[in-house]
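For reference, the chains in residue letters:
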Amino acid sequence: MFESLIGLVAIIALFVIISRQQSRIGLIERELGALRSLVLSGAVPPLAKPSEQVAPADVIPAVAAAADISSPAMSEPVAAQAPAMEVEAPIGEVVSGPWAPSEAAPKAAEPAAPAAAAKAARQSDVETALGTRWAVWVGGIALALGGLFLIRYTIEAGIFGPGVRLTMAGVLGLVLVAGGEFIRRTGFKVPVQGVAGAYIPAILTAAGAFILFGTVYAAHGIYGFIGPALAFTLLGAIGVATIATALVHGQALAGIGLVGAMVTPVLIASQAPNPWALFGYLAIVLAATGVIARMRDWKSLMAAAFFGTGVWTILYMTDAPGANLSAILFIDAVTLAVLTLVWLARRGDEAGPAGAFDWPSIVPGLFVAFSALGLSVDPAFAAAGYALPGAVVIAALVAVALYRPLALPLLYAAGLVTVLIYLGIIPPTSIASDFSGGALGVDGLPLATSNALTLRIGIALGLVFIGAGFWAARRFAAGTQIRAASWAAWGVIVPLVILLALWFTFGNLDRDLVYAAVAALLVVVFAAGGEWIARAEEPPLKGGIAVSFALGGAAIAGLLLMHMAFDSGWTTILLGAAAIVPALATRWRSYPVLGWISVGAVIAVLGRVAFDPTIVGAEFLLTTPVFNWLLPGYGLPALSFGFVAWQLARTTNGRPRLAMEAAAALFALLTLAMLVRHAMHGGVIDTGAMTLAEQSIYTLIAIGAGAILVAIDMRSPSSVLRYGSMAAGVVSVAFVVIRHFVVLNPLLSDESTGQIPVFNLLFLGYLLPAVAAGGLALYARDKRPKWYAQMLALVAAVLAFAYATLSVRRLFKGEFIGLWSGLGQLETYTYSALWLVIGVALLTAGVWLKSQVLRVASAALIAIAVLKVFIFDMSELEGVLRALSFIGLGAVLIGIGLFYQRLLTRAAKENG
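Values in this document were obtained by computation on a predicted structure and should not be read as measured data. (Residues numbered from 1 in each chain as written. Predicted model: local features only at pLDDT ≥ 70, side-chain atom pairs only at ≥ 80, totals over all residues. Heavy atoms only, no water.)

Draft legend 1. Here's a closer look at the overall build of the protein. Check the secondary structure of the protein and you find 32 helices and 2 strands. Buried positions account for 46% of the 912 residues belonging to the protein. Of the contacts made within the protein by residues no fewer than 6 positions apart, 73% connect residues no fewer than 24 positions apart. Accessible surface, the protein as shown: approximately 43500 Å² in total, 71% of it carbon and sulfur. (Helix = DSSP H or I, 4+ residues; strand = E, 2+ residues; numbered from the N terminus. Buried < 20%, exposed > 50% of the residue type's maximum accessible area, 1.4 Å probe, protein only. Contact = heavy atoms within 4.5 Å. Areas by Shrake-Rupley, 256 points an atom, 1.4 Å probe, with all protein chains shown as cover.)

Below, the structure written as structure tokens:
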């Protein structure tokens, strides 16, 4: 066990030393290689001409020798001083050596000089690594292990007694420490050959510290010569002393001492552990490490000290059945005090660039916040009433972050922990969860208690975050935007989460005017806070990120207000109307966030109608057509969004205006569609299969919406209106192709077409959409892309063809025109004649309107009629009907031929 412990500690120490020196070694090797390449290539500094480079014979070898063994700290001064030395050299002396190329050297050999220099540098680097760094490292470890193994040998051989052996080990450790100090003081202050990791005094001191650690542990753990208290004290003293010696020996030695100090409580076992002894010891180690790390600005060492202290705190809280609250609060207070008064004291970069923060502060922020979380939600601590001390710790985190701006991570830790605590108190039944036990918990106990103390703590923490958040946001508004935004964000997030959690836990979810009043107060406070922050910006009132968070928080508080104070119907209507408020505010303030708040209202309304399309619930929705809750529930938000788009177009403009235009068009269509659905299903909108009549109304709405958007876009151009109108047309075409021709076609579904001869289902399902699509194609002909108008024209022609064909079918079959009822000879002949007439009509319309699409459609339809006559009619028709079919077809085709001949002749005369 003793040897394993020694080996483990040695491996850890070696890893720490090596990892800390790799970057320095690489930099030193690159600098040395560059210097040697410069020397061997004969490069001449610009301060002296080659003919003037002269120096005493003993200067050049000295400089070359110094270059070979220079340290990283010395390499740059040597390079900088070389030109001065050359200029000051006596003129007329002969120069020899690598500083100037020999006149007898051939010029052709000059390009090979850099390659030769690089090769020599690589060889020298290998020699340096083997002869200096590795020799020193391995030698130091060998000294430490050798001393311990010597003691082990005396134990096995029985040469000396335990007391003598431990005394010898202690003396060896002290001798190594003293030897390191002696070498440092007697002139060995510069690392060997520029390699800081091979600094012999530090290696000797580290080896001595290892031996002293092992000696004290053996005296207590193996032989029992000293008790736990004395061993604990000695090990701690050795660790702190090792950390202190790092001031002269480097950060690696401080890391070794910190590791030893942090593992000391593990090495020393006690039958009755005392938390005050543990945390008092950790406080001393943390404070000493903080002082040394602050003096040398060693961030990694400081973060490691915070990490070790935090791990011990969490281990104590999780493993100790009766944890001492005072001890936990003591170590948290010491951690925050070391961070505030030692590590971050008098740091000159507090007003540094935007977003600057001290990254070691992340570690204490996480661990202290985690301890506060444990005090608040752990069943054992919560039952003991430790939630209030946990809240005090959270407030302390906020205070430290406010006092030391570089400790910004503490704000994030405090805010996140508070949010987690109050989300944990919400009963799952309030949010429609499906937990079998009815409550979210740990080990069968609630995750967090919900009582009057929780309510009061929530109010207090909310006030702390509001006050500190907005004050700090105003303080940093003119400079560091990220800090200002962070404070403003947590100043609104935490109070809103607390309000929501308390409402779900203690309030009435149907309607609660008390919590609604609190939400209204937050709206006023957040809006006023945003204005207060904006006045401190540079330039004033520009509406930066911090102001955006404040006003966004006011908008969310307003959303909660409406849900708390009103029922579902009025909530939906008022949410739509609320979008007008920020739009009107753009008349006085051009904050970019105002338009996006209106867009947020659109998202909120969409969420409401998606959750409950009936607005007020299916049981409260009246069956009266049109005049029911659907009209104001969808129509008033559509009007509000349209007004917002109009207002934003005259103030801030930008993308929010386009989004509001799209929202207005969408809700206008939803209003018509929902009213149609309601009327055609007897007041029920969530059940019942869709019919062709209902689908026809939706198609007409889509086509009409496309025409309206085109008309509005022509008066007030907008990309939303332009693309929205085309989207409406494409959607209407998709409805026609999928629903009218396939899914709901009465020819396939055998749906009743009605008993009225003309104004029946076919009129509504095919003729009206054909007229609407044709009218939109004609209206958008010069206002939209060519393909768009052609698509609508083609769909209109196909719909008209379907109406005429299905009307013939209804004339022969009656109300039900299902395909399975068969075809008669007269009906078959009528289709041929009808298709030819329609083809001629399409040709005439195409020539008159100069529409190539209609002319192509007429040609396709006539071709279908020709195929039908020659393939189907020839075999199915008999007697006079067969003859009339062919006579009619021939006459029509000859007439079309004559028509095209005259058309082409006239065109030729006009062009000639």
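Here the narrative resumes, following the displayed structure.
Draft legend 2. Summary view of the packing of helix α24 (residues 655-680) against helix α25 (residues 692-715). Contact geometry of α24 with α25 gives a least axis separation of 10 Å together with a crossing angle of 160°. As the angle between them shows, α24 and α25 are arranged roughly antiparallel. Regarding α24 and α25, the two cross each other, and that crossing is right-handed. On α25, the residues that touch Ala665, Leu669, Leu672, Ala673, Val676, Arg677 and Met680 of α24 are Ala693, Glu694, Ile697, Tyr698, Ile701, Ala705 and Leu709. A per-class count over the contact of α24 with α25 returns 12 nonpolar, no polar and 2 charged. (Axes fitted to C-alpha atoms, helices over the stretch in contact; angles between N-to-C directions. Parallel < 35°, antiparallel > 145°, perpendicular 65-115°, else oblique. Left-handed = near helix turned anticlockwise from the far one by under 90°. Nonpolar A, V, L, I, M, F, W, Y, C, P; charged D, E, K, R; others polar.)

Draft legend 3. Geometry of the nonpolar core. Ranked by size, the top nonpolar core spans 110 residues in total, and within it Tyr422 and Trp487 carry the most contacts. With 14 residues, the single largest contributor to this core is helix α17 (residues 481-506). Not counting the four nearest positions on each side in its chain, Trp487 is found in contact with Val398, Ala401, Leu402, Leu408, Leu411, Ala468, Gly469, Ala472, Ala473 and Phe476. In this structure, Ile703, Leu761, Tyr766 and Val795 belong to the second largest nonpolar core, which totals 28 residues. (Core = buried A, V, L, I, M, F, W, Y, C linked by side-chain atoms within 4.5 Å.)

Draft legend 4. Structural context of the pattern of salt bridges. Following the criterion strictly, the structure yields 5 salt bridges and no others. A salt bridge links Arg589 to Glu531; the nearest nitrogen and oxygen atoms lie 2.7 Å apart. Here the residue Arg589 occupies a position in the loop between α21 (580-585) and α22 (592-611), and Glu531 occupies one in helix α18 (residues 513-534), the gap between them amounting to 58 residues. The salt bridge involving Asp713 is made with Arg784; its shortest N-O contact spans 3.1 Å. Residue Asp713 is found in helix α25, and its partner Arg784 is found in the loop between α28 (761-779) and α29 (786-813); the two are separated by 71 residues along the sequence. Each member of the pair, Asp713 as well as Arg784, is classed as buried. Bridged by salt links that share partners, the residues Glu531, Arg535 and Arg589 form one connected network. (Salt bridge = Lys/Arg side-chain N within 4 Å of Asp/Glu carboxyl O.)

Draft legend 5. How the structure looks around unusual backbone geometry. A cis amide bond links Glu538 with the next residue in sequence, Pro539, at an omega value of -5°. With a phi angle near 70°, Val626 is a residue other than glycine that sits in the positive phi range. Along the chain, the position of Val626 falls in the loop between α22 and α23 (630-649). Even without glycine at this site, Asn653 takes up a positive phi of about 55°. Positionally, Asn653 belongs in the loop between α23 and α24.

Draft legend 6. Seen up close, the packing of aromatic side chains. What the rule picks out here adds up to 11 aromatic pairs. Residues Phe307 and Phe367 carry aromatic rings whose centres are separated by 5.6 Å and whose planes lie at 75° to one another, so their mutual orientation is edge-to-face. Note that Phe307 is positioned in helix α10 (residues 299-319) and Phe367 in helix α12 (residues 362-377), a separation of 60 residues in sequence. The class of Phe307 is partly exposed, set by a relative accessible area of 47%. Ring geometry for Trp503 and Phe504: centres 5.4 Å apart, planes at 35°, overall tilted. The exposure class assigned to Trp503 is buried, which follows from its relative accessible area of 7%. Of the residues examined, Phe504 reaches a relative accessible area of 19% and is grouped as buried. The cationic tip of Arg483 hangs over the ring face of Phe476; the distance from NZ or CZ to the ring centre is 5.7 Å. Lying over the aromatic face of Tyr779, Lys783 brings its terminal NZ or CZ to 4.3 Å of the ring centre. (Phe/Tyr/Trp six-rings, centres within 6.5 Å; stacked < 30°, edge-to-face > 60°. Lys NZ or Arg CZ within 6 Å of the ring centre and 35° of its normal.)

Draft legend 7. The arrangement of the side chain of Thr586 in detail. Tracing the sequence through the fold places Thr586 in the loop between α21 and α22. Excluding its chain neighbours within four sequence positions, the residues that come into contact with Thr586 are Leu594, Gln647, Leu648, Thr651 and Thr652.

Draft legend 8. How the structure looks around the environment of Trp471. Locating Trp471 in the fold gives a position in helix α16 (residues 452-476). Sequence spacing of Trp471 and Leu402 is 69 residues, and the spatial spacing of their C-alpha atoms is 9.3 Å. Once you skip the residues sitting within four places of it in the chain, Trp471 turns out to touch Leu402 and Trp532.

Draft legend 9. Inspection of the confidence of the model for the protein at higher detail. Put simply, the protein has an average pLDDT of 75, and 66% of its residues get 70 or more. Ignoring residues within four places in sequence, the model shows residues 116-124, a span with pLDDT below 50, making 8 contacts including any to other chains. Considering only residues more than four positions removed or in separate chains, one finds that residues 431-448, a stretch of pLDDT under 50, has 25 contacts. (pLDDT = per-residue confidence, 0-100.)

Draft legend 10. Expanded view of the environment of Ala727. As for its placement among the helices and strands, Ala727 is situated in helix α26 (residues 719-743). Residue Ala727 is classed as partly exposed on the basis of its relative accessible area of 38%.

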